[in-house]
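Now for the letters of each chain:
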Amino acid sequence: NAIAADGYQFVNWTDGDKIVSTEPNFTYIVAGSANLKANFEKAVPEPEYCTIKAIVPNDQIGWGLLSGNDGEFKGQFNDAKIVVGSKVTLKAQPNEGYTFVNWTINGQEVSTNPTYTFTAQGDTTVQANFAEEQVEPEYALAKISIPIDQAGWGQVALNDDDFGGAAFEPNG
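All of the points below concern the structure found in this document. (Residues numbered from 1 in each chain as written. Predicted model: local features only at pLDDT ≥ 70, side-chain atom pairs only at ≥ 80, totals over all residues. Heavy atoms only, no water.)

Section: the overall build of the chain
Okay, step 1: When helices and strands are counted, the chain shows 1 helix and 14 strands.
Okay, step 2: Within the chain, the fraction of its 172 residues that count as buried is 26%.
Okay, step 3: By element, 47% of the accessible surface of the chain is carried by carbon and sulfur atoms, the whole surface being about 12600 Å². (Helix = DSSP H or I, 4+ residues; strand = E, 2+ residues; numbered from the N terminus. Buried < 20%, exposed > 50% of the residue type's maximum accessible area, 1.4 Å probe, protein only. Areas by Shrake-Rupley, 256 points an atom, 1.4 Å probe, with all protein chains shown as cover.)

Take a look at the structure:
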């Protein structure tokens, strides 16, 4: 019976160069001289995985790209398995008419950069947030001549459709 010490795992039993069993417990019938040896190797721990979810509230306003474990996932990433301790990079891309705002975890801002890299510590949901672009209104300049009466008064009334109904009454 072969019992591995902590940090090691059983590999096989050999008689000289010949493998006679890959089981730690086995029965061996000796038919002459034998040199049985239990072989061990350092145990390689199984990697621990966590789940990274990168979400975009509405795929009409933008999308994201997650990379980690030498793979990439585009769009809504549900259950991307990542090795704990590895680097994860998220990239957000707003659709036309929108701008990237930030990445949040549990409602807390973690980055305002569209590319966010962090170390996977455990199951995490990261949200990309976008806002509608604010379009500056276009203004047109117009030259207006105002006849002024002899008392020094004139009046300007702008059309509601074009200027929101603004009226000006400059004093002479």
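Overview of the nonpolar core
Okay, step 1: With 16 residues, the main nonpolar core has Ile52, Val88, Leu90, Trp103, Phe118 and Ala128 as its most contacted residues.
Okay, step 2: Of all the secondary structure elements, the ones that give two or more residues to this core are strand E4 (49–55), strand E8 (87–94), strand E9 (98–105), strand E11 (115–119) and strand E12 (124–132).
Okay, step 3: Once residues within four sequence positions are removed from consideration, Phe118 is found in contact with Ile52, Ser86, Lys87, Val88, Leu90 and Val126. (Core = buried A, V, L, I, M, F, W, Y, C linked by side-chain atoms within 4.5 Å. Contact = heavy atoms within 4.5 Å.)

Re the pairing of E11
Okay, step 1: Covered by surrounding structure in E11 are Tyr116 and Phe118 only, the residues Thr115, Thr117 and Thr119 on the alternate face being uncovered.
Okay, step 2: Relative to E11, E8 runs antiparallel, the two being bridged by 5 bridges. For Thr89, the partnering residue across the bridge sits in E11 and is Thr117. (Pairing = 2+ DSSP bridges.)

Details of the environment of Asp15
Okay, step 1: Topologically, Asp15 is positioned in strand E1 (residues 8–15).
Okay, step 2: Separated by 19 residues in sequence, Asp15 and Ala34 place their C-alpha atoms 6.3 Å apart.

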